[in-house]
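# An overview of the molecular structure
Residue-level listing of the chains:
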There are 2 protein chains.
Amino acid sequence: MKAVGFKTSLPISEEESFIEFETAKPQPSGHELLVKISAISVNPVDFKIRQNSAKGTVLDTPKIIGWDAAGVVEAVGENVSLFSVGDKVYYAGDITKPGSNSEYQLIDERIVGKQPSTLADEAAAAMPLTVLTAWEIFFDRMRLSAERDQNKTLLIIGGAGGVGSIAIQIAKKVLGLKVIATASRPETIEWCQKMGADVVVNHRNLVEEVRGAGFQFVDFIVDFVDNNGYWDAMAELIKPQGHIASITGSAVPVALNKLKSKSVSFSWEFMYTRSTYQTDDMIEQHHILNRVAQLLDEGVLFHTHTHTLHGLSAETLKQAHAQLESGTTIGKWVIKY
Amino acid sequence: MKAVGFKTSLPISEEESFIEFETAKPQPSGHELLVKISAISVNPVDFKIRQNSAKGTVLDTPKIIGWDAAGVVEAVGENVSLFSVGDKVYYAGDITKPGSNSEYQLIDERIVGKQPSTLADEAAAAMPLTVLTAWEIFFDRMRLSAERDQNKTLLIIGGAGGVGSIAIQIAKKVLGLKVIATASRPETIEWCQKMGADVVVNHRNLVEEVRGAGFQFVDFIVDFVDNNGYWDAMAELIKPQGHIASITGSAVPVALNKLKSKSVSFSWEFMYTRSTYQTDDMIEQHHILNRVAQLLDEGVLFHTHTHTLHGLSAETLKQAHAQLESGTTIGKWVIKY
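Source: prediction; values computed, not measured.

All names here are of chain A. If you check helix 10 (residues 284-297), its first and last C-alpha atoms are 20 Å apart, about what 14 residues at 1.5 Å a residue would give, namely 20 Å. For helix 10, the full list of buried residues reads Gln-285, His-286, Ile-288, Leu-289, Val-292, Ala-293, Leu-295 and Leu-296. Against the buried residues of helix 10 lie strand 5 (88-91), strand 7 (112-114), helix 3 (128-141), helix 5 (162-174) and helix 9 (273-276). Directly after helix 10, the chain includes Gly-299, whose backbone phi takes a positive value near 80°.

Given below as structure tokens:
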């Protein structure tokens, strides 16, 4: 089968930052599905791994990355019970395994969902990683519920990106929160409004911006941009007893004590925790993807796919990574095979 | 009325570390109750405030601290609706206001509970601060529920102290968790077992101790001893998707990133957040104290009072603080007026 990967970590502008190659089509066993991929999407985790996982070294065989995908089940392992050959599926995969930048891929059925029936393959491929991230933040990390939390306020730092776009929608439509999102350009401001944000503020001078919009404190904050950089602003803006979550990591130690007098909680969300640690509840990702497929089919949520590149190739992956690395992407970029 | 306080922060061994004085009996207004105090208990927050709040200065009038109390309502403000004159009450107070180390005290009715009817005044006075701390950690910060979390594992660092003692009980009896508590002396080990701990381990070499007891990871950790000191051990022991909470503060910045790959959450609990910030939900402390009074009266929970000193005086307060500062106290020390 055809695949795209890399043997060494290079800037995306370099000729060999991605290379095309042939490799054996894998065979499923156990809980694995063999999926014939129809479309993939790119996420920041992709370029972080491309930039760092083979730094200063040359791998013997190219590494296949990229994890969001939509496709069709072509074969199943002997323990598979959730899917059958011919099912259309979508998933965000497992970063400890080979990725989706190839014609076929093996994937554990417990982290796979039924593809939304009303969405084109490219729109379906745009969703899984961001859906799982936002859903896990709200329901598994923060343990929010519409019953307990509706009408409370949520600040989303980075509203127009992939995760921000679906997080705004889930917060509004599923939880009934009042959503303040950050965006700074006319097109990203408009996009956040389209996603359902009640208020859009500039990320610069964040404290003044949020307070200027009429919010002294907010109940919840999610950071999709820079945990260290926004730490002091988040500590200032969070309401007593509030909850902050982040997906971005903190390169330097954090003044955690700034949250103490307010009894604030903080959660990390890393969408690959369940598959990496093979947690007892990893099948929750199957349930989340199915639940969101239903919400997409019912029109409660809508897809965040904004741009399509055509064909699995080193060239399309270079274009997609270069765009994502620019930090200006709105919604999700997809490669349709 | 008689009161005990201090004009300057001194070591507890100094003559003037506490002084007795007379001051005007206060008058209630608004939501305030005037309570005639029958017993008080001491908590670490008391000596931390005594040691630090008047460091290098001499106050014009002595500062009255101490916040746990049991007593009888003697008069009420014009907006009081939850209590009447003659009601027996218990509460942990508000650190922004004068404390309970006096004959009478004003207290906002929304943070006061009905005294458990089956408990002596001194046993009732032992409970409020620790009850509110443990309850808020489990239900408001971690958002645990018996339905969702029973049989999961909880590590309590510091099981034999005031908060640890009631936290073990609430975790076992109300939430159905499996509880591992730390204690190192024969008498504290026995006490933790009496509180209901399933397993007691030594806090030294904590990772090895917990793993030696058969737990590779634990779902939840609460720290009542030293957040900075146990950070690395907690990061190692916490289960993927687990939750850590602490009441102790962190003097130095924290390597928060150590929790990221596991998608771990962290909560601060400070029992005085609600009263300090006058949060919309401060009446929750009234509900928590009433709920726990019922659980104490039903025998589901039992009091943690272990030692009584007699009479409100500088001498009894010095004894109580000296004991608490030693770091070896089991359960709760009380002063009966």
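That was the structure; now back to the text.
Before going further, it helps to examine the domain arrangement of chain A. A common way to report how large an interface is uses the accessible area buried once the components associate. Residue and element names in this part refer to chain A. Each assigned domain of chain A is listed with its residue range as follows: domain 1 (2-127 + 276-336) and domain 2 (130-268). When each unit is reduced to the centre of its C-alpha atoms, the spacing between domain 1 and domain 2 is 27 Å. Every contact between the two is made by 20 residues of domain 1 and, on the other side, 21 residues of domain 2. Each partner contributes to the roughly 1,800 Å² buried at the junction of domain 1 and domain 2, and carbon and sulfur atoms together form 71% of this total. Three residues, Ile-288, Phe-302 and Ile-330, lead the burial of domain 1 against domain 2; their summed loss comes to 30% of the area buried on that side. Run the count over domain 1 and domain 2 and you get zero salt bridges. With six residues, helix 10 is the single largest residue contributor to the side of domain 1 that touches domain 2.

Let us look at the sheet that holds strand 11 (residues 218-223) of chain A. Ordered in space as 10(A)-9(A)-8(A)-11(A)-12(A)-13(A)-13(B)-12(B)-11(B)-8(B)-9(B)-10(B), the 12 strands form an open sheet in which the pairing is mixed. The strands lining the two open edges of the sheet, one partner per strand, are strand 10 (199-201) of chain A together with strand 10 (199-201) of chain B. Taken over all neighbouring pairs, the strand axes of this sheet differ in orientation by 15° on average, direction set aside. Across three bridges, strand 13 (residues 265-268) of chain A lies against strand 13 (residues 265-268) of chain B in antiparallel orientation. Looking at strand 13 of chain B, one finds that Phe-266 of chain A is bridged to Phe-266 of chain B.

Analysis parameters
- Residues numbered from 1 in each chain as written.
- Chains lettered and ligands numbered in written order.
- Predicted model: local features only at pLDDT ≥ 70, side-chain atom pairs only at ≥ 80, totals over all residues.
- Heavy atoms only, no water.
- Helix = DSSP H or I, 4+ residues; strand = E, 2+ residues; numbered from the N terminus.
- Expected span 1.5 Å × (residues − 1).
- Buried < 20%, exposed > 50% of the residue type's maximum accessible area, 1.4 Å probe, protein only.
- Contact = heavy atoms within 4.5 Å.
- Domains from an automatic or database assignment.
- Buried area = accessible area lost by both parts, 1.4 Å probe.
- Salt bridge = Lys/Arg side-chain N within 4 Å of Asp/Glu carboxyl O.
- Pairing = 2+ DSSP bridges.
- Axes fitted to C-alpha atoms, helices over the stretch in contact; angles between N-to-C directions.

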